[in-house]
Structures are given as C-alpha cells and as structure tokens.
Amino acid sequence: MGESPHTAAPVVAIVVAAGSGSRLGGEHPKALREVAGVPLVARSVHQLAAGGVGVCIVVVAAGTEDAFEAALGDAPVPCAIVAGGAERQHSVANGLALLDLHGGLAGAEVVLVHDAARAFVPPDVVVRVIAAVRAGADAVVPALPVADTIREVTDDGPSALVDRSSLRAVQTPQGFARAVLLDAHEALEESGTLVTDDAAAAEYLGHEVTLVAGAREAFKVTDPFDLVIAEALVARGQL
Ligand SMILES: Nc1ccn([C@@H]2O[C@H](COP(=O)(O)OP(=O)(O)OP(=O)(O)O)[C@@H](O)[C@H]2O)c(=O)n1
Ligand SMILES: C[C@](O)(CO)[C@H](O)COP(=O)(O)O
C-alpha cells in the first residue's frame, strides 16, 4: 500500500445481511431476527458506528429491502441498501459495486466488511481494525485463539491431531484499503474463484493479512443455540 495514512475520509462498512440463515431456521432472514426486540442488522450497524464507521452499505436478499429499511429506521449513520447474491462473496461484490458508483463515497479509503450476524461485535474491535488499516495495513482481520483441541479428519484414514497453538478463528469486521478490496473481488470474479472471507480475497492477490485481537462477543449468530446465548447475555447486560 501507499504511505498515506487514511485519516480524513469516512470509513464505510459493507454489512452483508443477504443470507437466509438456514442453520438458524425461521421464516425471516437471519439479520432481521430480533434479540431483546432489536434486529441483528440494527445491532451490527450500531456497534460499527460506535467504533468509528461513518456510512453503511447493507446488502440484503432481493425483495426484502423494505423490511431492512424499516429495521434500520433508527440507524445512527446513513445506510444504503442493495441486493445481494447467491454466496456471501457475491453479496460483498454487490456492496462494492454500490461503493464504486456512489459519488458521495468517492473519498472513502478505509472499507470494512462485516457479517450482520456478528451483531455484538464490541466497538473496540472495530476501532482496532480501522486503526490498523489507517496505519498502512492492506487487509486486517480480528482473530481469536482456538479454544478446543482440533483433529483433522479424512474420508478413509484415521483422524490426526492438529497443533492448535498456531491456529486462529477469524471474525469480522475485516478492514481493507479500498483499492485492495475492489481489486481482489474483481480478480476473484474474473477467475471464478470462491473464498469464504474477504481476507482470503486480498490474499488471493498476494496482500498480507494483518491480525488484530478479536473478541468472544463478536461471535456469529449461526444456529438457535447462539440466539439463546445472545438473549441471555443481553438480559444480563453483558452484551
Ligand atoms: N449469499 C449470502 C450469504 C451470506 N451472507 C451474509 O454473510 C454473513 C455470514 O453468513 P452466515 O452467518 O453463514 O449466514 P447465512 O448464509 O444466512 O447462514 P446459513 O449458512 O445458516 O444459511 C451473514 O451475515 C449473511 O447474511 C450474505 O450477505 N449473502
Ligand atoms: C466471514 C466469516 O465470518 C469469517 O469467519 C466466515 O468465513 C463466514 O462463513 P459462513 O460460512 O458464510 O458463515
């Protein structure tokens, strides 16, 4: 990356919320599910704003735009809504396309990508990610050590113990210099390559991925158990 620290322009977050939430179940998109009466997507936007994000591009399933508009009615920062794609990567790409088209966001140099499902990410994680990009990192991810002992399985052979001391679980928001993220997604689209997160997209073009400390609270609401935990922690004032 260039040497200029990205300080003046607003930080933009692409909040991907276009998944169906099949593991969670229910008739509404996961990001619209409520914890203590507040939709996950609204919680995500609130936490991002508290950490320094100035504008959100919220990527939603086509046909659900009005419902998301309503859910984000009290958002603390401006939110643009755009339709997503079949895979998370396509949804991020659609968000990036809007970023590129949106004249008002032309100056944005720091771009975050966040799972709406990680609705309780603490603001200090967001602050760390932004600070690392502003300090010159191309791609930044919050990460945590792995708590369980890990075994690698194969179809036919025995399982094998993996040294977990060198493993990290990766969270969001992930932060990027704008050009890095745009170029990475363009390259993935051209080659037809699918990745599971945006750090892997940046790495695809040879960029180094910088790790900062994540947080347990940034867990991804994935299945019904996670929603029960979230409700309980919010009720106890711990989220
Ligand atoms: N085509 C997709 C798929 C996922 N996501 C978003 O990516 C984030 C991480 O995905 P995940 O938690 O796996 O959500 P779902 O894909 O909705 O869950 P599931 O796999 O259980 O259906 C979520 O905020 C989800 O809304 C998205 O924007 N577009
Ligand atoms: C982006 C992510 O949350 C980082 O851990 C993860 O890769 C999303 O995976 P999913 O299978 O789309 O939930």
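Since we're looking at a predicted model, the values are computed, not measured.

Analysis parameters
- Residues numbered from 1 in each chain as written.
- Chains lettered and ligands numbered in written order.
- Predicted model: local features only at pLDDT ≥ 70, side-chain atom pairs only at ≥ 80, totals over all residues.
- Heavy atoms only, no water.
- UniProt positions renumbered as here; feature names shortened; annotations may be inferred.
- Helix = DSSP H or I, 4+ residues; strand = E, 2+ residues; numbered from the N terminus.
- Contact = heavy atoms within 4.5 Å.
- Phe/Tyr/Trp six-rings, centres within 6.5 Å; stacked < 30°, edge-to-face > 60°.
- Buried < 20%, exposed > 50% of the residue type's maximum accessible area, 1.4 Å probe, protein only.
- Near = heavy atom within 4 Å.
- Polar contact = N/O pair within 3.5 Å; in protein donor to acceptor, adjacent residues only side chain to side chain.
- Areas by Shrake-Rupley, 256 points an atom, 1.4 Å probe, with all protein chains shown as cover.
- Nonpolar A, V, L, I, M, F, W, Y, C, P; charged D, E, K, R; others polar.
- Expected span 1.5 Å × (residues − 1).
- Arc of directions from axis to C-beta.
- Core = buried A, V, L, I, M, F, W, Y, C linked by side-chain atoms within 4.5 Å.

1. As for the UniProt feature "site: Positions MEP for the nucleophilic attack" (unreviewed entry) in the protein
Right, so step 1: Within the UniProt annotation, "site: Positions MEP for the nucleophilic attack" (unreviewed entry) is assigned to R164 and K220.
Right, so step 2: By the element assignment, R164 lies in the loop between β9 (160–162) and β10 (168–170).
Right, so step 3: Other than its neighbours up to four places away in sequence, R164 contacts V146, A147, D148, T149 and I150.
Right, so step 4: Here K220 shows up in the loop between β12 (209–213) and α7 (224–235).
Right, so step 5: Among all residues touching K220, those that are not within four sequence positions of it are R23, D115, A117, R118 and D226.

2. Brief notes about the packing of aromatic side chains
We describe a pair of aromatic rings using the distance from one ring centre to the other and the angle between the two ring planes.
Right, so step 1: Tallied over the full model, the rule gives 1 aromatic pair.
Right, so step 2: Ring centres of F120 and F219 lie 5.9 Å apart, and the angle between their planes is 15 degrees; on these two criteria the pair is classed as stacked. Taken together, the residues F120 in the loop between β6 (110–115) and α4 (123–134) and F219 in the loop between β12 and α7 connect sequence positions 99 residues apart.
Right, so step 3: You can call F120 buried: its relative accessible area is 5%.
Right, so step 4: Residue class for F219 comes out buried when judged on its relative accessible area of 18%.

3. Digging into the site of ligand 1
Right, so step 1: In the vicinity of ligand 1 lie 18 residues, with G21, S22, R23, K30 and S91 positioned nearest.
Right, so step 2: The separation between an oxygen atom of ligand 1 and a polar main-chain atom of G19 is 2.9 Å.
Right, so step 3: Between ligand 1 and the protein, one listed contact pairs a nitrogen atom with a backbone N or O atom of E87 at 3.5 Å.
Right, so step 4: Here ligand 1 has 560 Å² of accessible area as a free molecule, and 86% of this is covered by the chains.
Right, so step 5: Partitioned by chemical class, the residues of the shell around ligand 1 number 6 nonpolar, 6 polar and 6 charged.

4. With respect to the site of ligand 2
Right, so step 1: Taken together, the neighbourhood of ligand 2 is formed by R23, R88, D115, R118, V170, T172, T196, D197 and K220.
Right, so step 2: Between ligand 2 and the protein, one listed contact pairs an oxygen atom with a backbone N or O atom of V170 at 2.6 Å.
Right, so step 3: When the residues that make up the shell around ligand 2 are grouped by side-chain class, the tally is 1 nonpolar, 2 polar and 6 charged.

5. Things to note about α4
Right, so step 1: The end-to-end C-alpha distance of α4, which contains 12 residues, comes to 16 Å, matching closely the 16 Å that a straight helix rising 1.5 Å per residue would cover.
Right, so step 2: What α4 keeps buried is the set V125, V126, V129, I130, A132 and V133. Relative to the axis of α4, the buried residues are bounded by an arc of 160 degrees and lie together on one face.
Right, so step 3: At its buried positions, α4 is contacted by α1 (40–50), β6, β7 (139–145), β11 (174–177) and β12.
Right, so step 4: Of the residues one or two after α4, G136 is the one with positive phi, at around 120 degrees.

6. Description of the nonpolar core
As a rule of thumb, nonpolar side chains are buried together in soluble globular proteins.
Right, so step 1: If you look at the biggest cluster of nonpolar residues, it comprises 33 residues, and the most contacted ones within it are V41, V53, C56, V58, F68 and L112.
Right, so step 2: Where this core is concerned, the elements lending two or more residues are β1 (12–17), α1, β4 (55–60), α2 (65–71), β6 and α4.
Right, so step 3: Element by element, the count of residues in this core is highest for α4, at 6 residues.
Right, so step 4: Formed by 21 residues, the second largest nonpolar core is a distinct cluster that contains V16, V82, V92 and V111.

7. Brief notes about the environment of L96
Right, so step 1: Tracing the sequence through the fold places L96 in helix α3 (residues 88–101).
Right, so step 2: When its relative accessible area of 3% is taken as the criterion, L96 is described as buried.
Right, so step 3: In this structure, the C-alpha to C-alpha distance between L96 and Y204, residues 108 residues apart in sequence, is 17 Å.
Right, so step 4: Once residues lying within four places of it in the same chain are set aside, the contact partners of L96 are I14, L181, L182 and H185.

8. Remarks on the UniProt feature "site: Transition state stabilizer" (unreviewed entry) in the protein
Right, so step 1: Look at the UniProt record and you will see "site: Transition state stabilizer" (unreviewed entry) annotated at R23 and K30.
Right, so step 2: If you trace the backbone, R23 turns up in the loop between β1 and β2 (34–35).
Right, so step 3: By relative accessible area, R23 is classed as exposed at 59%.
Right, so step 4: Not counting the four nearest positions on each side in its chain, R23 is found in contact with K220, T222, D223 and P224.
Right, so step 5: Positionally, K30 belongs in the loop between β1 and β2.
Right, so step 6: Overall, K30 belongs to the buried group, its relative accessible area being 13%.
Right, so step 7: The residues touching K30, leaving out its near neighbours within four places in the chain, are G19, S20, G21, L24, L40, A117, V221 and T222.

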